[in-house]
Amino acid sequence: MGRKGTRARRKTTARGPAPKRAVPLARIGIVATGVVVAALAIWMATRLAGRSESSRVNILLVTIDTLRWDHVGAYGDGRAATPVLDSLARRGAKFETAVAHVALTAPSHASMLTGLIPPRHGVRDNGAFALPANLPTLASRFAQAGYDTAAFVSGFPLDRRFGFSTGFAVYDDWLPRGPGAGSRAYVERRADDTTTRVLGWLDGRAQSNRDPGSVRPWFLWVHYFDPHAAYEPPPEFAARFPDRPYDGEIAFVDAQLGRLVQRLERGGDLARTIVLATADHGESLGEHGEQTHGIFVYDATLRVPFIVAGPGISAGITPRVVARGVDVMPTLLDLAGIRIDAGLDGRSLRPALGGQSMPDASVYLEGLVAERHLGWAPLYGVRTSGWKYIDAPTRELYDLSADAAEVRNRIDDHRDRADKFSAALSVALKSAPVIPPASAEATGGKAVRPDSEAAARLRSLGYLSGSGQNKSAVKRDPKDGIQLINTLETGIALSSTDPARAVALLQSVLREDPRIELARRNLAIALVAQSKHPEAIEAVNGLRSDGSATAEDLVLLGESLRVVGRAKEAEQALTDAAALDPRSPEPALTLARSFMARNQPAEAAAAYRRALEIVPEHPEALAGLGEAALAQNDLAGASAWFERTLARDPQDLKAGFRLAVVRARQGRTADALPLFQWVVDREPAHGDALAGLAAALAKSGRPAEAIRYFERAINAGARSTAVLNGLGLARLESGDAAGALTAFQMSIKERPDQPEIARLVRDLSARRRP
Ligand SMILES: [Zn+2]
């Protein structure tokens, strides 16, 4: 109160007497005039800056995982259902050729977000590397420029533990769990769920920014994962694309992107938003013998759509210059008027977006999956608009203008050209600086292994500088073993869903090459899925004694050890897993589940808290703390944890139900009732919620309504003596004595030892007799 008064007084004083400079400007000498002009210039500059602050463009980066360029309508696929992408292309620019550097989610996104090729940003694989925290990213640059930053990602390779959250104020990477108790987290989130989260963020922003003058521009990155294998579009899209489920997934994502674009249009944001829609890589769909992506560096998996629309971008143009993953960062910064860092591998494509022609820039390509996971040869390549060179034990050169499918190797006709490409590739790899030194600490533990990476790079350089004669040449060429890779991939894909077939496939791979860790690791997963825990333990211990067990392997080991009753060893395995990968919450969560299963809620709570330290507001940890509190009869604590779980995700039905149960147990019937009702509205066959709702209604003096829900609970399978007795009492209270008698009789039949109910049955039966 006092402070407010002071401020008001000061304001009055400032506005008080007329300023001294009531002297006409003309009477002031030339020097003074200069001062006024300078002051005026500063005033104008501030005003203009203020004006440009509110008129700065928003930036929306949409990356659609695994989207082949030629499965988009705008790129000529007449059978595609991608009206939203097509309309963006009509409103803006569609680059005829856009190329990713690597056909893997994490490394490719890292290039888009840093403007650097993989040897320079250091992320060479999914799940094994973290983007160095001190590397400037698109998000950190936008944040520094005063933008609100948010990311909504839908696939595990982009989990925050891999460093992609740097610079984002909001990084929404939570993936839902599979159906069934204790099921693992999905590796993906569906496009509708992700879009709903994005819309929630936009709505929240709109509500907290009622004054349009104070609205900060935003940089928003939305990543959709659906087109990634397995191709399982939602039923409506599965029906529309019965023979092309991959295209069904793409159509579904496009429709969800449509929800987002519509929201921006309705809110008046679209006109001042630059949208860049692209993909991290394509999908081979059998071309070159490859089923999915990741192994080869052909256009089937590296060519992507690249569409930019928004203010200042010419409509309906098709720039011919090749767009690259590394160009995303400089282009978006340039379009937002933010200075581009020196030393990036990418360049701004802004001239092309204004309709100007730009000189070609070559694209660095790599495919290290076969090397990293199978010990085969690495693939490196260079692509220009007309040619592609691939450095492999059997070198390849394609004339793309005549052979877009890359099926005629022209290496023997153009050795000089190939050698030039090879030399350029060596330079690109040699010039790659090592990851900034502080990153080892920032990324922690096993996530990045700069030493072995440096060694790998040196090996690669040795190989690349040679002409196929050195010892690396004995490494297997991935194109000679693609069938084995496909078998391995199928085995991995089936390890949880069809473990018997997976075991057979993986064992056949291991017969051909017993060293392949990926096969051994997934064999263990398939064995767990078959409940063959002793064999799974043996498989992981094999990896462990070779020094190649990952934190995930140890988590699996911990689970199997727990199941077979070796609790102490399980704990040790999980502790080792936590030490191996301190950024993963999984070891702590698994440990917590193990304690809960052994009815040790206090120990479980401690483990859940550790998970929460690693991932703040981790929903399983929050809900687990609620369960642990409930198990210790700490109703207030349970209530607080479940409330926090719901605050984190207001759509979390399970947390809503648990909170309702806690409130009912606290005697807070009026608070429990609407929560039970909410769960039942969303999940009409949730038997326990139906029973809870019925009980709450009965307690609130609404027996007639309660009857309906007790009956529905029984139909939904929640038939228990408590529910039958509740139904009987509700019927009795609404005057239906005959109905009440039936319910009590059924209850007594299930459990005869209920003296109160037995007496009621006797009384009611007596009343019925004339
Ligand atoms: Zn991907």
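Use the structure listed above.
Please read all numbers here as calculations on a predicted model, not as lab measurements.

Colleague: Whenever I open this one, the overall build of the protein chain confuses me. Can you help?
Modeller: Regarding its fold elements, the protein chain presents 33 helices and 14 strands. Residues counted as buried form 53% of the 770 residues belonging to the protein chain. Pairs at least 24 apart in sequence give 61% of the contacts found in the protein chain among residues at least 6 apart. Total accessible area computed for the protein chain in this model is approximately 34600 Å², and 54% of it derives from carbon and sulfur atoms.

Colleague: What is the right way to look at the coordination of the zinc ion in this model?
Modeller: By definition of the ideal shapes, four donors in a tetrahedron about a metal sit 109.5 degrees apart, and six donors in an octahedron sit 90 or 180 degrees apart. Only D65 (OD), T105 (OG1), D280 (OD) and H281 (NE2) from the protein coordinate the zinc ion, and they sit 2.0 to 2.1 Å from it. Note that the zinc ion binds four donor atoms; their angles at the metal cover 99 to 122°, and the shape is tetrahedral. Mapping the donors of the zinc ion onto the primary sequence yields the spacing D-x39-T-x174-D-H. Here D280 lies in the loop between β7 (273–278) and α10 (299–302) and T105 lies in helix α4 (residues 105–114), a separation of 175 residues in the sequence. According to the relative accessible area criterion, D280 is buried, its value standing at 0%.

Colleague: In this structure, what is going on with the nonpolar core? I would like to understand it.
Modeller: Note that soluble globular proteins tend to have their nonpolar side chains buried in a common cluster. Counting residues in each nonpolar core, the largest one holds 112 residues, and the members touching the most others are L488, I516 and F676. When near neighbours in sequence (up to four residues on either side) are disregarded, F676 contacts F657, A660, V661, A664, A689, G692, L693 and A696. Ranked by size, the runner-up nonpolar core spans 89 residues in total, among them A98, F164, V321 and I338.

Colleague: Explain helix α33 (residues 755–768) here, please?
Modeller: Helical geometry note: an α-helix holds 3.6 residues per turn, so side chains three or four residues apart project in the same direction. Over its 14 residues, α33 runs 20 Å from end to end, which matches the ideal 20 Å to within 8%, given 1.5 Å per residue. Within the sequence span of α33, burial applies to I757, V761, L764 and S765. Down the axis of α33, the smallest arc covering the buried residues is 100°, so these residues share one side. Exposed side chains of α33 directed beyond 90 degrees from the buried face belong to P755, E756, R762 and R767. Contact partners of the buried residues in α33: α31 (721–733) and α32 (737–750).

Colleague: Quick question: what am I supposed to make of the sheet that holds strand β12 (residues 379–383) here?
Modeller: If you walk across this open sheet you meet the four strands as β11-β12-β13-β14, and the pairing is antiparallel. Of all the strands in the sheet, the pair left with one neighbour each is β11 (363–367) and β14 (396–399). Pairwise comparison of adjacent strand axes, ignoring direction, gives a mean angle of 15° for this sheet. Taken strand by strand, helix α14 (residues 415–430) contacts β11, β12, β13 (387–391) and β14, and its axis lies near 65° from that of β13.

Colleague: Any chance you could explain the packing of aromatic side chains here in plain terms?
Modeller: Each pair of aromatic rings is reported with the distance of its centres and the angle of its planes. Applying the stated criterion across every chain, the model contains 18 aromatic pairs. Plain terms: the ring middles of Y364 and Y380 are 6.5 Å apart, the flat faces sit at 50° to each other, and that makes the pair tilted. Here Y380 lies in strand β12 and Y364 lies in strand β11, a separation of 16 residues in the sequence. The rings of F142, Y147, F168, Y171, F219 and W221 are connected pair by pair, giving a single aromatic cluster. Over the face of the ring belonging to Y75 we find K94, whose NZ or CZ atom lies 5.7 Å from the ring centre. Geometry around W69 places R303 over its ring, the cationic atom sitting 3.6 Å from the centre.

Colleague: Looking at this structure, I do not really get the packing of helix α29 (residues 687–699) against helix α30 (residues 703–715). What am I missing?
Modeller: Helix-helix packing is characterised by the crossing angle of the two axes and by the distance between the axes. Interaxial distance between α29 and α30 falls to 8 Å at its minimum, and their mutual angle equals 165°. Considered as vectors, α29 and α30 are oriented roughly antiparallel to each other. Where α29 crosses over α30, the two elements pack in a sense that is left-handed. Here G687, L690, A691, L693, A694, A695, L697 and A698 of α29 come into contact with α30, specifically with P703, E705, A706, Y709, F710, R712 and A713. A per-class count over the contact of α29 with α30 returns twelve nonpolar, one polar and two charged.

Conventions adopted
Residues numbered from 1 in each chain as written. Predicted model: local features only at pLDDT ≥ 70, side-chain atom pairs only at ≥ 80, totals over all residues. Heavy atoms only, no water. Helix = DSSP H or I, 4+ residues; strand = E, 2+ residues; numbered from the N terminus. Buried < 20%, exposed > 50% of the residue type's maximum accessible area, 1.4 Å probe, protein only. Contact = heavy atoms within 4.5 Å. Areas by Shrake-Rupley, 256 points an atom, 1.4 Å probe, with all protein chains shown as cover. Donors = N, O, S within 2.8 Å, 3.2 Å for Na, K, Ca; no water. Tetrahedral: all angles 85-135°; square planar, octahedral: opposite > 155°, others 65-115°. Core = buried A, V, L, I, M, F, W, Y, C linked by side-chain atoms within 4.5 Å. Expected span 1.5 Å × (residues − 1). Arc of directions from axis to C-beta. Pairing = 2+ DSSP bridges. Axes fitted to C-alpha atoms, helices over the stretch in contact; angles between N-to-C directions. Phe/Tyr/Trp six-rings, centres within 6.5 Å; stacked < 30°, edge-to-face > 60°. Lys NZ or Arg CZ within 6 Å of the ring centre and 35° of its normal. Parallel < 35°, antiparallel > 145°, perpendicular 65-115°, else oblique. Left-handed = near helix turned anticlockwise from the far one by under 90°. Nonpolar A, V, L, I, M, F, W, Y, C, P; charged D, E, K, R; others polar.

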